[in-house]
Amino acid sequence: MNIFETNNNIRETGIIGPRCRETFMPILEGGPLAKLGVCAAGVSALSGAYCMHRPCSSISVVVGTLAGKGLLHVEGGRQILKPVDLLVAPRGVHHRYETIRGQPWKIVWFNIECEIPFDRVRVLKADYLSSIAKDFLDVNAEASSGLSLSAEARMGKESYLAVLLQRILHHGKRGQQVLHEARLHVLWRSVTNDFARKWRLPELARIAGYSPEH
């Protein structure tokens, strides 16, 4: 069992048992995710002992439940994390999440080094978590097979993930900004699903609902 502490002020402690499997997504240096402050991201299949405790977190965290259930502890209470639940915890705020009696729990997650527009831990709903996880695993499957995605393909996947992450971090916005993000979501998904296609600007603009000049 791996037990660790980080930082002199014990900002983070963790227990990761031998039955836990974590797949990390390689992040492009200077890419869309890095520009959002993402320092690590991945998909984790957790079973047995697992606990992440941040009394005064040095990072912001986004954790989505793909399958199974986890348990979240915050000041004043606790909450079961179920599929499509999305935990968002800002830097500096106390939180702890763990498996429930060692039962299987599959998650997708982002660690973010910068401030996010949240003043407390929130649990949101996000039905696109499986899509995020698929993009993570696609990149890792290519790498593990000895192949590598082209720079354009990697950039496309990261751009799509960055749009979704921005939607998560700015979920309270309404009006034109939400419409803008939704249009970009459709555009990036179309492109990442067909990289072999010779995309042209007028077609991209039509899918996004904008003029080519915009």
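As shown above, the structure is provided for reference.
Notes on the structure follow. What you see is a predicted model; the values in this text were computed from it and never measured. (Residues numbered from 1 in each chain as written. Predicted model: local features only at pLDDT ≥ 70, side-chain atom pairs only at ≥ 80, totals over all residues. Heavy atoms only, no water.)

## What to know about the sheet that holds strand β9 (residues 85-89)
Taken together, the six strands give an open sheet; going across it, the order is β3-β4-β11-β6-β9-β12, and neighbouring strands pair in antiparallel fashion. Here the strands that pair on one side only, and so sit at the sheet edges, are β3 (21-24) and β12 (122-125). Recorded for the sheet is a direction-independent mean angle of 20° between the axes of neighbouring strands. Bridge count for β9 against β12 is four bridges, and the pairing is antiparallel. If you follow Leu 87 over to β12, its bridge partner there is Val 123. (Pairing = 2+ DSSP bridges. Helix = DSSP H or I, 4+ residues; strand = E, 2+ residues; numbered from the N terminus. Axes fitted to C-alpha atoms, helices over the stretch in contact; angles between N-to-C directions.)

## What about the pairing of strand β8 (residues 77-81)?
For strand β7 (residues 70-74) and β8, the ladder comprises five bridges, and the chain directions are antiparallel. Paired with Gly 70 across the bridge in β8 is Leu 81. Counting the residues that bridge the hairpin from β7 to β8 gives two residues, and of these Gly 76 lies at a positive phi of roughly 95°.

## Details of the layout of surface pockets
In this structure, the largest pocket spans a volume of roughly 170 Å³. Lining the largest pocket are 14 residues, and of these Glu 22, Tyr 50, Met 52, Trp 109 and Asn 111 lie nearest its centre. Mapped onto the lining of the largest pocket, the elements with two or more residues apiece are β2 (12-16), β3, β4 (38-46), β5 (50-54) and β11 (105-112). Tallied by class, the residues present in the lining of the largest pocket amount to nine nonpolar, two polar and three charged. (1 Å grid on protein atoms, 1.4 Å probe; cavity = no way out; pocket = protein on both sides within 12 Å on 5 of 7 lines; lining within 4 Å. Points joined across faces, edges and corners; volume = space filled by probe spheres on them. Nonpolar A, V, L, I, M, F, W, Y, C, P; charged D, E, K, R; others polar.)

## Remarks on unusual backbone geometry
Outside of glycine, negative phi angles account for most residues, and trans bonds account for most peptide bonds. The phi dihedral of Val 84 falls on the positive side, at around 70°, and the residue is not glycine. The residue Val 84 is located in the loop between β8 and β9 in this model. Judged by relative accessible area, Val 84 falls into the partly exposed class, the value being 35%. At Arg 101, a position not held by glycine, the phi torsion is positive, near 50°. (Buried < 20%, exposed > 50% of the residue type's maximum accessible area, 1.4 Å probe, protein only.)

## A few points about the side chain of Thr 99
Its location among the elements puts Thr 99 in strand β10 (residues 95-99). By relative accessible area, which is 8% here, Thr 99 ends up buried. Here the side chain of Thr 99 touches Gly 48 through a polar contact of 2.8 Å, landing on its backbone oxygen. If we skip the residues at most four places from it in the chain, Thr 99 touches Leu 46, Gly 48, Ala 49, Tyr 50 and Trp 105. (Polar contact = N/O pair within 3.5 Å; in protein donor to acceptor, adjacent residues only side chain to side chain. Contact = heavy atoms within 4.5 Å.)

## Details of the pattern of salt bridges
For the coordinates displayed, the defined rule picks out six salt bridges. With a closest N to O distance of 3.9 Å, Asp 85 and Lys 82 form a salt bridge. Accessibility expressed as a relative area gives 2% for Asp 85, which makes it buried. Classification of Lys 82 as partly exposed rests on a relative accessible area of 36%. A salt bridge links Glu 203 to Arg 197, with the nearest nitrogen and oxygen atoms 2.2 Å apart. The structure contains a network of salt bridges with shared partners spanning Lys 82, Asp 85 and Lys 125. (Salt bridge = Lys/Arg side-chain N within 4 Å of Asp/Glu carboxyl O.)

## Some points on the side chain of Ser 47
Tracing the sequence through the fold places Ser 47 in the loop between β4 and β5. Relative accessible area serves as the criterion here: at 12%, Ser 47 is assigned to the buried category. Polar contacts involving the side chain of Ser 47 include one to the side chain of Arg 19, which spans 2.9 Å. Excluding residues that lie within four positions of it along the chain, Ser 47 makes contacts with Arg 19, Cys 20, Gly 102, Gln 103 and Pro 104.

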